[in-house]
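# Structural features, examined
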Amino acid sequence: MSITVTTWSLEQTSPADLRPAAEPAGEVRIVRAEIPSPEFSRFLYTAVGGDVRWTDRLTLSYTQWQEFLSRPGVETWVAYEKGTPAGYLELEAGPEGVVEIVYFGLIPAFRGRRIGGHLLSYGVARAWDLAERWPGAEPTKRVWLHTCSKDGPYAMDNYLRRGFTLFDTKITEEPEVAAPGPWPGAQPPQETHAPHAPQETEATRSV
């Protein structure tokens, strides 16, 4: 059985395009995971993407994870609330000053608290100044990402609010797969979410 999936590609072409979100209340920090760790990155991948069908990386070996995370220009930025990982954003620098936001999202229990808009704002800013942390890298000229109809309902709105513009739309048929977890029942009860807060944090990207 297949499902119809719409994929939208968005971009910023100047640091001035970024429209930062307000910082969330409470003790939220965003820290770069500077030491490549397949164990930690796979945890983030399954915890954030388990309910929105992130499956492509589940088959990667430990060595493949390590090789990707060790590439020059690959960065993982992790949001923590009171010391607990809440979500992450992964950047990858490409040729000609192009930086892709490869993955972005929050663990379900942390959605609906305005952490997502803050994490995305911070991560986009780090995409624009990425070359400052990688000697010899070309300064960023473009930041891009894609999101799709399998992602949360507020994903596109979050990207547009941060100043991204749409440059491509594709519609494809994909096999329908079950959401992999991180394990059955991990989705918290709805009453744990803020009842009226826009769930900007459900923006995610799968490749």
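The preceding data block contains the structure.
Described below are features of the structure shown in this document. (Residues numbered from 1 in each chain as written. Predicted model: local features only at pLDDT ≥ 70, side-chain atom pairs only at ≥ 80, totals over all residues. Heavy atoms only, no water.)

On to the overall build of the protein. The helix and strand tally for the protein stands at 4 helices and 7 strands. When its helices and strands are written in sequence order, the protein yields β-β-α-α-β-β-β-α-β-α-β. Taken across its 207 residues, the protein has 49% of its residues classed as buried. Of the contacts formed within the protein by residues at least 6 apart in sequence, a portion of 77% connects residues at least 24 apart. As displayed, the protein has an accessible area near 10,200 Å², and 55% of this comes from carbon and sulfur atoms. (Helix = DSSP H or I, 4+ residues; strand = E, 2+ residues; numbered from the N terminus. Buried < 20%, exposed > 50% of the residue type's maximum accessible area, 1.4 Å probe, protein only. Contact = heavy atoms within 4.5 Å. Areas by Shrake-Rupley, 256 points an atom, 1.4 Å probe, with all protein chains shown as cover.)

What follows is about the environment of Gly94. Considering the arrangement of structural elements, one finds Gly94 in the loop between strand 4 (84-93) and strand 5 (98-106). For the pair formed by Gly94 and Ala137, sequence separation is 43 residues and the distance between their alpha carbons is 9.5 Å.

Moving on, we get to the pattern of salt bridges. Tallied over the full model, the rule gives 12 salt bridges. Between Lys141 and Glu138 there is a salt bridge; the shortest N-O distance is 2.4 Å. The partly exposed category is assigned to Glu138, whose relative accessible area is 40%. What emerges from the salt-bridge pattern is a single network uniting Arg32, Glu75, Arg126, Asp129 and Arg133. (Salt bridge = Lys/Arg side-chain N within 4 Å of Asp/Glu carboxyl O.)

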